[in-house]
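# Coordinates in review
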Amino acid sequence: MKLWEGRFTQPSAKSADDFNQSLSFDYKLYWHDILASIAHAKMLGETQIIPKEEADKISDTLVNMLADIEKGNLPIEGSEDIHTFVENELTKRIGVIGKKLHTARSRNDQVATDMRLYVKDSIVNICGHIKALINTLLDIANNNVQYIMPGYTHMRRAQPISVAQYVNAYSEMFLRDLERFTDSYKRTDVMPLGSGALAGTDFPIDRRMTASLLSFSEISQNSLDAVSDRDFVAEYIFCCSTLMAHLSRFCEDLILYSSDEFGFIEISDSYSTGSSIMPQKKNPDIPELIRGKTGRVYGNLMGILTVIKGIPMTYNKDLQEDKEALFGAEETVLNCLGIFTELLQNISFDTRKMRLAANGGFSTATDIADYLVQKGMAFRDAHAVTGQIVRYCIENNKTLDRLDLFVYQSFSSLFDEEILQRVRPHKSVEARKVIGGSARSAVRENIRSITRRLNRMFKE
Ligand code: ARG
């Protein structure tokens, strides 16, 4: 049964019903819809807007319905949307009393409330998964503080770095993702219920009571805005998008670093795939898919932003389009976070290859320039002298750590034997003791700081 047939003289066309319906996707809101209805019913009883016994009957029946759905005994089907389904079933079970549940409420404030409840829970769930990912990264970092690898800019060897410092860089990104989700939670944690269809309600409801039953921290202050605002959905999908961007970058690294050309890491066979024609191949399908799926989440973000932009005051049916964008982004993010964390636990580093690569490419040239500056030369001159030394090495097929002292001294009399130490990659890494730098002490401090910030976030 529809909730709005009274005014109509003709039945609606099946095609129109099919087009209009949202049950095929908003069934996912059943838990939050029923919870919100229980809270609403209790409040209606407490405020004596409906008799207390009837309110109790409604909420008891809703609890039973929830249990039946969970057990698989109540299939969600045959209605326009989840709100209609719940009300129809309630009325089927307790007759006319069930029809009182919708007193002082509209589907407009109801669906906005359901969506906020859903997003709040989803944020908590996603944050738990990000935490697990960061903990995995912290383990990897802890085990790799002493190893070095080349750091790149423009995809060219730039300076040697610490493997743990590299891993920590991603932990920093995921910590920011956590912060973004946590911050958006505050704006989502506002209850629209009580806004009615758009203008509020003339029943003496107690919005604060309903909010506290549903664990909302705030209640909305403008009914027009409350029923038509979906900023929180856009924000949630933006948080998902940034998280996916970070996962995608990491995947890009893993794909490159596990190639024969780099050979820095090995993804275990259990998380790799083969080729149907080339027997020798071991392909990184999982990171490639995560990189690819990032596109869908961005698509969902563009989708919701575009839906929002043309909504005249107040509720318009366009807003029903918020759901698939939300559910799609959530599903992709959870899938990707899960498999990516598992994959990370199944990679190994070839620390020898990384060290050798860090030795090549003149990646300690900056250390030579810095050395000359410390001996009194202006940085621009030091840069030029070092450039000449690099050119000499290229022309004579040498590396910076294989040059004799007298060769260095032929470029500048400021060189003494200390330079032969300074150009060794692990010395270069160790010299960067600045906060955030590559030295072991700095990297260990970075690990501690990530752990601290992570724990603090989950204490609040
Ligand atoms: N399925 C609808 C949605 O998701 C529920 C709200 C319907 N409200 C209305 N005025 N038709 O937006």
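The preceding data block contains the structure.
Residues numbered from 1 in each chain as written. Predicted model: local features only at pLDDT ≥ 70, side-chain atom pairs only at ≥ 80, totals over all residues. Heavy atoms only, no water.

### Observations concerning a nonpolar patch on the surface
A surface patch of nonpolar side chains, about 280 Å² in accessible area, is lined by Leu198, Leu224 and Met313. Tracing the sequence through the fold places Leu224 in helix 9 (residues 223–228). (Patch = residues over 30% accessible without salt bridge, like charges linked within 9 Å, V, L, I, M, F, W, Y side chains within 5 Å. Areas by Shrake-Rupley, 256 points an atom, 1.4 Å probe, with all protein chains shown as cover. Salt bridge = Lys/Arg side-chain N within 4 Å of Asp/Glu carboxyl O. Helix = DSSP H or I, 4+ residues; strand = E, 2+ residues; numbered from the N terminus.)

### So, the site of the ligand
Near the ligand, the surroundings consist of Ser22, Asp26, Asp81, His83, Arg107, Asn108, Val111, Tyr315, Gln320 and Lys323. One of the side-chain nitrogen or oxygen atoms of Asn108 is found 2.9 Å away from a nitrogen atom of the ligand. Between the ligand and the protein, one listed contact pairs an oxygen atom with a side-chain N or O atom of Tyr315 at 2.4 Å. Compared with its free state, where it exposes 340 Å², the ligand has 86% of that area covered by protein. In terms of residue count, the dominant contributor to the shell around the ligand is helix 6 (residues 107–142) (three residues). (Near = heavy atom within 4 Å. Polar contact = N/O pair within 3.5 Å; in protein donor to acceptor, adjacent residues only side chain to side chain.)

### Topic: helix 7 (residues 163–188)
Under the 1.5 Å per step criterion, the end-to-end length of helix 7 is 38 Å for 26 residues, consistent within 8% with the ideal 38 Å. Backbone nitrogen of Ala164 and a side-chain oxygen of the N-cap are separated by 3.2 Å at the start of helix 7; the cap is Ser162. (Expected span 1.5 Å × (residues − 1).)

### Re unusual backbone geometry
Here the bond from Met313 into Thr314 is cis, since omega is -5 degrees, no more than 30 degrees from zero. By secondary structure assignment, the location of Thr314 is in the loop between helix 11 (285–309) and helix 12 (322–344). Of note, the phi angle at Ser215 is positive, near 60 degrees, even though the residue is not glycine. Following the sequence through the fold, Ser215 ends up in the loop between helix 8 (207–213) and strand 4 (218–219). We classify Ser215 as exposed; its relative accessible area is 53%. The phi angle at Asn397 is positive, at roughly 55 degrees, despite the residue not being glycine. Examined against the element boundaries, Asn397 turns out to sit in the loop between helix 15 (379–396) and helix 16 (405–411). (Buried < 20%, exposed > 50% of the residue type's maximum accessible area, 1.4 Å probe, protein only.)

### Thoughts on the pattern of salt bridges
As enumerated under the stated definition, the model contains 33 salt bridges in all. Where Lys317 meets Glu80, a salt bridge forms, and the shortest distance between an N and an O atom there is 4.0 Å. A residue pair is termed long-range when its members are at least 10 positions apart, and Lys317 in the loop between helix 11 and helix 12 and Glu80 in the loop between helix 4 (52–71) and helix 5 (82–94) qualify at 237 residues. The structure contains a network of salt bridges with shared partners spanning Asp68, Lys71, Glu89, Lys92 and Arg93.

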